[in-house]
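Single-letter residue listing:
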Amino acid sequence: MNCRKLGKTELNISEIGFGSWGIGGFPFWNSDGDKKSIRSIEKAIDLGINFFDTAPVYGFGHSEELLGKTLKPVRDKVIIATKCGLTWNKRKISAITRNCTRKSILKEIDQSLSRLKTDRIDLYQVHWPDVKTPQEETMTALMELQQKGKIRYFGVSNYSLEQLKAGLKIACIESIQVPYNLLNRSIEKDILPFCKSNNISVIAYSPLASGVLTGKYNKETKFTDWRSKSIPGDFSGEKYEINIDKVDQLKKLAFSLNDNTTRTAIKWTLNDSSIASTLVGVKNDAQLKENLKGIDQRLQGHLISKLNRIFL
Ligand SMILES: NC(=O)c1ccc[n+]([C@@H]2O[C@H](COP(=O)([O-])OP(=O)(O)OC[C@H]3O[C@@H](n4cnc5c(N)ncnc54)[C@H](OP(=O)(O)O)[C@@H]3O)[C@@H](O)[C@H]2O)c1
């Protein structure tokens, strides 16, 4: 598995990161069960993945707990990224709120360390910007955690370019985690070029558009998890149907290359050198094995152009 450098740090993270949202299960995803989740984490290590991304809100702590107990024996060989800034007072999606105050972050870090069974987080990321809390307060709290040794480095997620620039005036932000896939290329116009010139790593999330780019869904699919409540267009409606037509073309192209749809979509996200890692969401080891087969081979330039034309 190829690795890429994380920002200005000495950390080399695997190009494919283990996305741990799905294994958290409720309230976002239907779970395949803890046994399968644990097996997929173990398989990831066997296949050379060293970068694991999670968040407290994934399964309300469950994703962090599963990672914590499974990664404990290999803790020094893996790089753990988790997040802060989303809290909840009831175990339901509507009870999740943004909170990036110093007080809340200082409480959250201890809970994450305990669930992850570790004494430090390698990369701590602000999950979503909290516009009610001054950036100065959030960034200062993160620097405080760094000085205490509870986190090694920090980054942000879902920030606009303006928010990222404002944060950089206060602190050393190593990475930004954002959605990036063939169906969502909005970061290409500002975040990607800025990060490239400023040596900030981009961590791509949802490389398969939360499953749509696997090619296993069709226009009639009715989702039963969080995707059923997502904004119209992503998993239902006219835009979704247009996207399915594009995915059908991706399928044909991948087939003509003796590759599969999922891997082709994942490889496309790794074409840009400022993408440090692409976080693939996995629920079982069979999916993981399939997704990683030959993943180190890059897509050739003419194929990238073909894909870009299909997904214009
Ligand atoms: N920072 C943020 O705000 C944020 C937001 C979203 C995600 N993320 C991160 O990015 C990671 C990945 O995002 P994501 O979960 O949206 O998804 P993704 O990687 O775009 O899609 C994952 C889904 O694709 C399907 N899949 C994967 N491999 C497959 C295969 N070989 N065959 C068939 N289906 C396959 C699975 O669907 P089924 O469940 O139907 O099997 C899986 O749940 C998350 O786990 C998380 O770490 C971060």
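Residues numbered from 1 in each chain as written. Predicted model: local features only at pLDDT ≥ 70, side-chain atom pairs only at ≥ 80, totals over all residues. Heavy atoms only, no water.

Student: I'd love a proper account of the pairing of strand β11 (residues 201-205), names of residues and values included.
Tutor: With respect to burial, β11 is a largely interior element, four of its five residues being buried. In this sheet, β11 lies alongside strand β10 (residues 175-179) in parallel orientation, the contact comprising five bridges. Among the inter-strand pairings, Ile176 is bridged to a residue of β11, identified as Val202. For the handedness criterion, the β-α-β arrangement of β10, helix α6 (residues 191-198) and β11 is classed as right-handed. The pairing of β11 with strand β12 (residues 275-281) spans four bridges and is classified as parallel. The residue bridging Tyr205 from the neighbouring strand is Leu279, located in β12. (Buried < 20%, exposed > 50% of the residue type's maximum accessible area, 1.4 Å probe, protein only. Helix = DSSP H or I, 4+ residues; strand = E, 2+ residues; numbered from the N terminus. Pairing = 2+ DSSP bridges. Right-handed = clockwise from strand over helix to strand, strands pointing away.)

Student: Outline the nonpolar core, supporting the account with residue identities and numerical values.
Tutor: Counting residues in each nonpolar core, the largest one holds 83 residues, and the members touching the most others are Phe52, Tyr124, Leu142, Ile176, Val202 and Leu213. A total of five residues in this core trace back to one element, the largest contributor, which is helix α7 (residues 237-256). Beyond its immediate stretch of four places on either side in the chain, Leu142 contacts Cys84, Ile105, Tyr124, Val126, Ile151 and Phe154. In terms of nonpolar packing, the next biggest core, distinct from the first, is built from eleven residues, Ala81, Tyr153, Ala276 and Leu279 among them. (Core = buried A, V, L, I, M, F, W, Y, C linked by side-chain atoms within 4.5 Å. Contact = heavy atoms within 4.5 Å.)

Student: Can you break down the site of the ligand residue by residue, with the values?
Tutor: By nearness alone, 30 residues border the ligand, and Ser206, Leu208, Ser210, Tyr217 and Lys283 come closest of all. Between an oxygen atom of the ligand and a main-chain N or O atom of Ser20, the distance comes to 3.3 Å. One nitrogen or oxygen atom from the side chain of Lys216 is found 2.9 Å from a nitrogen atom belonging to the ligand. When the ligand is considered free in solution it has 910 Å² of accessible area, and contact with the protein chains removes 92% of it. At the level of secondary structure, the elements contributing two or more residues to the shell around the ligand comprise β12 and α9 (285-292). For the shell around the ligand, the per-class residue count stands at eleven nonpolar, 13 polar and six charged. (Near = heavy atom within 4 Å. Polar contact = N/O pair within 3.5 Å; in protein donor to acceptor, adjacent residues only side chain to side chain. Areas by Shrake-Rupley, 256 points an atom, 1.4 Å probe, with all protein chains shown as cover. Nonpolar A, V, L, I, M, F, W, Y, C, P; charged D, E, K, R; others polar.)

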